[in-house]
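Working through the structure, step by step
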Amino acid sequence: MTEVLPKEKKQKDEKTLILGQAVVDLLPLLEGESSFETMAPLHPVPGSPLEPLRLSVKKDYSILFKNGTLKLGGEREPVPRPKKWPIANILAPGANNIPDAFIIGGPYEEEDGELNRPEDREFRNQAECIKKRIIWDLESRCYLDPPAVVSFQKRIADCRFWPVEITRVPLTIAPKGKAAKFDKADDESQLSFHGVAYVNMVPLLYPGVKRIRGAFHVYPYLDSTVYEKTKCSFSLFRDTGHNLVQNNKIGGINSPLSKPAVSKNVKEDKTVKEKDIEGKPRPGDMQPPSIKSQSSDTPLEVEPPLSHNPEGQQYVEAGTYIVLEIQLDKALVPKRMPEELARRVKEMIPPRPPLTRRTGGAQKAVSDYHMQVKNISRAILDEYHRMFGKQVAKLGSDMDSETLEEQKCQLNYELNCSGKYFAFKEQLKHAVVRIVREKYLKTTSFESQEELQTFISELYVFLVDQMHVALNQTMPDDIQGTVPTIYTSSEQLRLFAFEAEVNENFEMAAVYYEERLVREPQNLEHWLDYGAFCLLTEDNIKAQECFQKALSLNQNHIQSLLLCGVLAVLMENYEQAEIFFEDATCLEPTNVVAWTLLGLYYEIQNNDIRMEMAFHEAFKQLQARMLQAQIMKQRSIGTVEYIEEGGKVEESSLGPWGITNGSSATAIKVEAPADDFLEESSKLQSDSREHIISTQSQDPTISQKPSNILLKEMPVKKETSKCQDSSTVLYPSPYGVSQTPATIFMETIRFLMKVNAVQYVQRVLAHELLCPQGGPSCEYYLVLAQTHLLKKDFAKAEECLQQAAQMDYLNPNVWGVKGHLYFLSGNHAEAKACYERTISFVVDASEMHFIFLRLGQIYLEEKEYEKAKKTYLQACKRSPSCLTWLGLGIACYRLEEFTEAEDALSEANALNNYNAEVWAYLALVSLKAGRQLEAEQAYKYTMKLKLKDETLLAEIHMVQETVGFGNPSF
């Protein structure tokens, strides 16, 4: 196979170039065949252009793109536009376009190179539309055999930056005369505007990545800089042989490099293998450069200083960049498929099968007991009418008590003799057993006889009360007013549990969390909350069980996957951790926290390349979200949408774990100026909040009516932040009032602090400190202060809070956390000053519930009862609990407002009837009101629950002695 080269001027014969040879066996012709067809392998001749078709691991091959086209400014290049073959001698119009291959482009923010930030958008638009530019639009294709792929990966891992050289070469006109030759000085003088772009090839080592596309700055070519960044010791244009250009006259064919003319101890360097390069250099008003090369037979002995490359320096001054794309058919590093990750998760945590729908539980057990009582009562009445029906009809209302007692004895005798009494007892026994199991959760034997007797007594009282309820339902004429039961919601239980956490009453907190699980075992939010509580108490094994149970309920729940991954890392089960984190990124590719946690995992594994990949993806997703938020903010000017349900403005329909609450909502669109809308919405929120509490208090299953009087005394601030949902109260963020745009690490810190993963936070804080977009901020120091508070390291916490105050003196969270620091360290005077400053800000801090509770407690200690009453009223208005009503009751009692005190204490007792202090103050109120029976009952429960406040107990005894009753032991 021979290639006929184009005839040049004054050339008699055409030059030919042998490309390769094939050997054909002609024996079939001697055997009588007149014609035959065969397929023979074509072997390339050494040095021919066909030889590079087998790539070699030991050799590097360059890709050359020539003849860039100068485009004048004024219009943007159309997209999509066809890619072109890198062949210069195509004459047919349109034949140089590659079929079904187009330059698509895309958003700058999604590129992999440089100049992809939002602030670069305007510069890119001007450069690619208004300014002059050079266009290649060429695509060159290469084949990598398996050994070459391995070498390619190793080269990238050894050096992440690969050079792409660019230079301007003028058209060469051969001088007349036979002795006309180009000397070295002429070759080197033809190199002008010699520049280089540094392409980061590491993304090709990311799992599943097959493409790099982006804009890369062009810098002046300086040997020392190029070697420092790329480890390349020679220039493709300057230091390689002439054949780089002369053998590639057609414009873009791969060719082997000649050996570089450098000292023998320097190894042959690697060159760039690119695909689909779109060059857009913009060196001022220069003439169009081409990616060509002029070689030199000898290397430069000394690197020229920067002043010797003034043309290349113009690239930097003009902000020149080149846009290129490198694409592979197959990723160098395969990525796990989502199906495989889901299968691995199912293997580790099998999904929990849905519970069979059955009518069970405590409520069903009690209703069954009611039904059996009604059936037995009807049977007894039938027996009574059979025995005494005629006598009752005859005597009527003249029947005396002696006759009734005689009939009762006869009825009992008949029931016992006939065996009906035993049958009734057996009929009732199964219902009682279900109550013991479902209502009291007793399924094991008792440890002592005393415990058994105590339980039987409690059970007997309950069964008798429920028997009366059933009988009253059977005979409606005798119904008496039943005492309304106070039903605590799941959100209230979570608030009570969080109060117990903060007060370090972990046993009571565990009771509340377990109560939520008993009520709704299929609610994964309850399992996540309990797991976060176990992390706080450093019970990692139980926390892992909780998170895995949550994941078994919904294996696509992102937070559950992430928390399982966090616990796997903490327990050094790294293989499972990788599965959990990767599955989370596959299910929700836009989740910033998921990518950041995956990057932190790779850091622990010392996998720098994948760590960089995960952090880069997290940063890209955060940028996209911030951009989307900015767009939405611009659109919302003059048009604001909010959700309203039943007169209540809902901040969000999502729970703290991203679970919809399931409540119906109506979208209302308001056309109004933004300032007017915010003012009106704050009024609406305040009014609606007051209306909600009044409406709820009328429902006996939520609260009692007397609390309305107290709540109406409460002045309402007109701020939108006042209407906090329970998740804000439960998971206070000590880092900022309004969560301003944060880094990927601060986003992750917020997530980890919400679930009490303090052990993991320390590592992320170090990244936040070193992050270019982060650094020591007010939020950083607030988080650091909270970690020290959890360890009771008050000195370091105070140092961090001082730093936070210097950065943002008007941040209410700084003063709120300062107040907690002084309160926990026993300095209540300073705590009081900090708390008062916090509540004086227009915008609320994140921990207002405990700020009100602790400030009210300080007021009670200092006997400032009016201030205490006002403070506790605010707490009751925002998030009522047993502690808020107790504080209000104490303040009213000390102010001798006994009616209001009794109302508040009744509310506290309804929410938690195991609080000894509530019973103690109820006893005091009853003593002051002269109600002996109630005083004795309240005192009995005070002693039974073991009141620890000796001063309060002594006060009760003193009042009892004064009024002369209240203590049955007198």
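Everything numeric in this text was worked out from a predicted model, so none of it was measured.

**Some words on the packing of aromatic side chains**
- All told, the structure shown has 21 aromatic pairs when counted by the stated rule.
- Ring geometry for Phe506 versus Phe533: centroids 6.3 Å apart, planes at 55°, classification tilted. Taken together, the residues Phe506 in helix H14 (residues 506-519) and Phe533 in helix H15 (residues 524-536) connect sequence positions 27 residues apart.
- On the basis of relative accessibility, which here comes to 33%, the residue Phe506 falls in the partly exposed class.
- Ring geometry for Tyr513 and Phe533: centres 5.2 Å apart, planes at 35°, overall tilted. Here Tyr513, found in helix H14, pairs with Phe533, found in helix H15; they are 20 residues apart in sequence, far enough to count as distant.

**Considerations on the pattern of salt bridges**
- Overall, the coordinates contain 44 salt bridges when judged by the stated rule.
- Linking Glu575 and Arg344 is a salt bridge whose minimum nitrogen-to-oxygen distance equals 3.1 Å. Here Glu575 is found in helix H18 (residues 574-587), whereas its partner Arg344 is found in helix H8 (residues 338-348), with 231 residues between them in sequence.
- When its relative accessible area of 53% is taken as the criterion, Glu575 is described as exposed.

**A word on the packing of helix H9 (residues 361-395) against helix H11 (residues 420-438)**
- Relative to each other, H9 and H11 sit at 165°, their axes nearing to 8 Å. Relative to H11, the element H9 lies roughly antiparallel. Where H9 crosses over H11, the handedness of that crossing is left-handed.

**Quick word on a nonpolar patch on the surface**
- Residues Val24, Leu26, Leu29 and Phe36 make up a contiguous nonpolar surface patch of about 330 Å² in total accessible area.
- Here Phe36 lies in the loop between helix H1 (27-30) and strand S4 (43-44).

**Observations concerning the UniProt feature "repeat: TPR" (unreviewed entry) in the protein**
- In the numbering used here, UniProt assigns the "repeat: TPR" (unreviewed entry) feature to residues 849-882.
- The distance separating the terminal C-alpha atoms of residues 849-882 is 13 Å; by composition the span is 82% helix and 0% strand.

**A closer look at helix H10 (residues 401-418)**
- End to end, H10 covers 26 Å across 18 residues, agreeing with the expected 26 Å (1.5 Å per residue, within 8%).
- If you check which residues of H10 are buried, you get Thr403, Gln407, Leu411 and Leu415. Buried residues of H10, viewed axially, fall in a sector of 100°; they line one side. Residues of H10 that are exposed and point over 90 degrees away from its buried face: Ser401, Glu402 and Tyr413.
- Looking one or two places after H10, you find Gly419, whose phi comes out positive at around 85°.

Scoring rules and cut-offs
- Residues numbered from 1 in each chain as written.
- Predicted model: local features only at pLDDT ≥ 70, side-chain atom pairs only at ≥ 80, totals over all residues.
- Heavy atoms only, no water.
- Phe/Tyr/Trp six-rings, centres within 6.5 Å; stacked < 30°, edge-to-face > 60°.
- Helix = DSSP H or I, 4+ residues; strand = E, 2+ residues; numbered from the N terminus.
- Buried < 20%, exposed > 50% of the residue type's maximum accessible area, 1.4 Å probe, protein only.
- Salt bridge = Lys/Arg side-chain N within 4 Å of Asp/Glu carboxyl O.
- Axes fitted to C-alpha atoms, helices over the stretch in contact; angles between N-to-C directions.
- Parallel < 35°, antiparallel > 145°, perpendicular 65-115°, else oblique.
- Left-handed = near helix turned anticlockwise from the far one by under 90°.
- Patch = residues over 30% accessible without salt bridge, like charges linked within 9 Å, V, L, I, M, F, W, Y side chains within 5 Å.
- Areas by Shrake-Rupley, 256 points an atom, 1.4 Å probe, with all protein chains shown as cover.
- UniProt positions renumbered as here; feature names shortened; annotations may be inferred.
- Expected span 1.5 Å × (residues − 1).
- Arc of directions from axis to C-beta.

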